[in-house]
Amino acid sequence: MSQSFVIIGDGIAGSSAAETLREEAPDADITVITDEGEALYNRILIKEFAKGKLPEAPISIHQEGWYEERDIDLELNTLVTNIDTEAHELETHDDEVIGYDKLLVATGGTPSQLPVDNSDADGINHFWTFQDARAIKQNVESCEHGVIVGAGLLGIDLAAICGAQDVEAHYLMRGDCWWRYALSEQGAEIMHQAMRERGVTPVFQSGVDHFETDDDGHVTAAVDPDGERYEAEWAGVAIGLDFNTEVLQDTPIELKDDGSVITDEYMQTSVDDVYAAGDLTWFYDSILGEHGQNGSWGSAKEQGSIAGEVMANGPEATEPFRWVSSYSITHFDFPFLSFGHPTIGDDEVEQKFSDTEWRRLALKDGKIVGGVLIGDLAPQSAYKKLMREERVVGDQKDVLMEESVDLDKLAPAQEQ
Ligand SMILES: Cc1cc2nc3c(=O)[nH]c(=O)nc-3n(C[C@H](O)[C@H](O)[C@H](O)COP(=O)(O)OP(=O)(O)OC[C@H]3O[C@@H](n4cnc5c(N)ncnc54)[C@H](O)[C@@H]3O)c2cc1C
């Protein structure tokens, strides 16, 4: 009898797993279940659509018929509401029971709500799905003043959308700079200046105490904890993700406190025949030598492929997940890239080269674990190589911070 593989989530992790499974197990039954109403699309590009720079068509990834051609059963608009790992079954919102031999959970996350009054008012958007992007585009196009909350990689997308749509916006941040866990004030100032040039004003030591609305329940302003009022007919909120793992809460699958799913480097969970991949994993990072989290497209895709291989062939026949992730931003005249885990570590080094060129590396036990590059991305391959090789280089920061990084100038690895 053929094996049956069920995948929850048709994001890049779930879809890559389905593709790999079909290659590795030509006769298996493969079902992909998603609560979204459309098949996999390029989540990275939906911000360009919201900016008004890209039509809808290039954002879809698979041609119509992709799933049918591969004999993959895609169930759209279907929410998985219960999983019974003992019985190897799951249940959907319309009480359908689906059995599986092996299950992949690739359900990603949902943007966190701001826990303040009126945070669900009309004209306030979070950003995760193509549907969100359509709503954001429509709302931003028809407004003059905006507010953005959330000083991270998704918040800056919202700021860039305002900039592209000529909306005057205030970007409210809790600390003294944008993405303060990965950038110093010096590096972040390059980003602040780029925002200002597009009509987005960063506001530091701020945040939202509550939103004001008109009689129709539409947002009119954000008020910060000091009582400062920022007029806005639109607000974008990107303060983090809640992992979509409620459905796992009553199962024996081991979760971290924040709800992410604990896996090993083969994307195996603590329960036999259940795997997890993508944004929601707290995976064993074999480069770091400890567990870590990563919310990026490339990482989710690779984890999905590995999960697919392991589900089909077992871990013995599969290379473990060993990946240096990258996340780039192209909103400004200069490029920006973060890689690895730039917000962790016990040491760091940074250097400014010009008004639009800056770099920072995060190190742990003398090894590079992540970094941020602004302006010149050329050194990324050298840094990523050192990270993959787990080379101890913390005592040679001067070489690492040379404008053009020459790995031959580093002391040979065996002498360290
Ligand atoms: C606006 C935006 C811009 C981004 N830009 C970049 C970028 O420039 N570079 C980069 O590397 N990364 C970027 N990312 C992050 C990247 O898109 C994610 O890391 C990646 O898409 C995660 O994929 P995933 O498959 O793990 O999860 P998701 O893509 O979130 O897919 C999970 C799917 O599961 C579905 N689901 C959840 N619960 C259930 C359930 N119970 N039943 C059925 N279905 C369910 C969800 O609706 C969703 O379709 C961006 C993300 C966003 C939102």
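Residues numbered from 1 in each chain as written. Predicted model: local features only at pLDDT ≥ 70, side-chain atom pairs only at ≥ 80, totals over all residues.

**Concerning helix α8 (residues 380-389)**
For clarity, the threshold we go by: For the exposure call, what matters is how many other C-beta atoms sit within 10 Å of a residue's own: 20 or more marks it buried, 12 or fewer exposed, and in between partly exposed, using C-beta atoms placed from the backbone. Note on conventions: DSSP H or I runs of at least 4 residues are helices, E runs of at least 2 residues are strands, and numbering of each starts at the N terminus. Directions drawn from the helix axis to the C-beta atoms are what define this arc. Once C-beta atoms are placed from the backbone, any two residues with those atoms within 7 Å are in contact.
Those residues of α8 that fall on the buried side of the exposure criterion are Gln380, Tyr383, Leu386 and Met387. On an axial view of α8, the arc spanned by its buried residues comes to 135°, and they lie on one face. Of the surrounding elements, those touching the buried residues of α8 are β23 (336-340), β25 (357-364) and β26 (367-374). Positive backbone phi, at 55°, marks Glu390, one or two positions downstream of α8.

**Considerations on the sheet that holds strand β1 (residues 4-8)**
Selection criterion: Strand pairing is defined by DSSP finding a minimum of two bridges between the two strands. An axis is simply a line fitted to the C-alpha atoms; with a helix, the fit covers only the stretch in contact. Between two such axes, the angle follows the N-to-C directions and lies from 0 to 180 degrees.
With parallel pairing, five strands are arranged side by side in an open sheet as β3-β2-β1-β7-β19. A single partner strand is all that each edge strand has here, and the edge strands are β3 (72-75) and β19 (274-276). Mean inter-strand twist for the sheet, computed between neighbouring axes without regard to direction, equals 20°. Where strand β7 (residues 102-105) and β19 come together, three bridges link them in parallel fashion. Paired with Val105 across the strands is Ala276, a residue of β19. Packed onto the sheet, helix α1 (residues 12-24) meets β1, β2 (29-33), β3 and β7 and runs at close to 170° relative to β2.

**What about the nonpolar core?**
Inclusion rule: For this analysis, nonpolar core means a set of buried Ala, Val, Leu, Ile, Met, Phe, Trp, Tyr and Cys residues linked through C-beta atoms within 7 Å.
In terms of nonpolar packing, the biggest core is built from 112 residues, with Leu104, Ala159, Ala235 and Ala277 touching the most fellow members. No other element matches the seven residues that helix α5 (residues 153-164) contributes to this core. Beyond its immediate sequence surroundings of up to four residues, Leu104 is in contact with Ile7, Gly14, Ala17, Tyr275, Ala277, Ala307 and Met311.

**Remarks on the pairing of strand β24 (residues 347-354)**
As paired strands, β24 and β25 are joined by seven bridges and run antiparallel to one another. Bridge pairing in β25 links Lys352 to Trp358. Hairpin connection of β24 to β25: two residues between the antiparallel strands.

**Examining unusual backbone geometry**
Even without being a glycine, Asn118 presents a positive backbone phi close to 65°. By the secondary structure assignment, Asn118 is in the loop between β8 (109-111) and β9 (124-126). For Asn118, a count of 21 C-beta atoms within 10 Å puts it in the buried group. Residues other than glycine seldom take positive phi values, yet Glu390 does so here, at roughly 55°. Among the structural elements, Glu390 can be located in the loop between α8 and α9 (397-400). On the basis of neighbour count, Glu390 is assigned to the partly exposed category, with 16 C-beta atoms found within 10 Å.

**Here's the deal with helix α7 (residues 297-313)**
Condition: Each residue after the first adds 1.5 Å to the expected span of a helix.
Helix length check: α7, at 17 residues, gives a terminal C-alpha distance of 24 Å against a target of 24 Å (1.5 Å per residue), a fit within 8%. Most of α7 is tucked away, with 14 of its 17 residues classed as buried.

**What about the domain arrangement of the protein chain?**
What counts here: All domain edges in this entry derive from an automatic or database-based domain assignment.
Domain annotation for the protein chain reports domain 1 (4-110 + 241-317), domain 2 (113-237) and domain 3 (333-415). A separation of 32 Å is found between the C-alpha centroids of domain 1 and domain 3.

**A word on the sheet that holds strand β14 (residues 219-223)**
Taking strand neighbours across the sheet as the criterion, the three strands line up as β13-β14-β15 in an open arrangement whose pairing is antiparallel. With partners counted over all chains shown, the strands left at the sheet margins are β13 (210-213) and β15 (229-231), one partner each. Direction aside, neighbouring strands of the sheet carry axes that sit 30° apart on average.

**Details of the site of the ligand**
Quick note on the threshold: Note on definitions: a residue is near a molecule or strand provided its C-beta atom, placed from the backbone, lies within 6 Å of it. Note on residue classes: Ala, Val, Leu, Ile, Met, Phe, Trp, Tyr, Cys and Pro are nonpolar, Asp, Glu, Lys and Arg are charged, and everything else, Gly too, is polar.
Residues in contact with the ligand amount to 34 residues; listed here are only the nearest, Gly9, Gly11, Gly108, Gly278 and Ser296. Only α1, α2 (46-51), α5 and α7 provide two or more residues apiece to the shell around the ligand. Residues that form the shell around the ligand fall into these classes: 16 nonpolar, eleven polar and seven charged. In terms of domain composition, the shell around the ligand takes at least three residues from each of domain 1 (4-110 + 241-317) and domain 2 (113-237).

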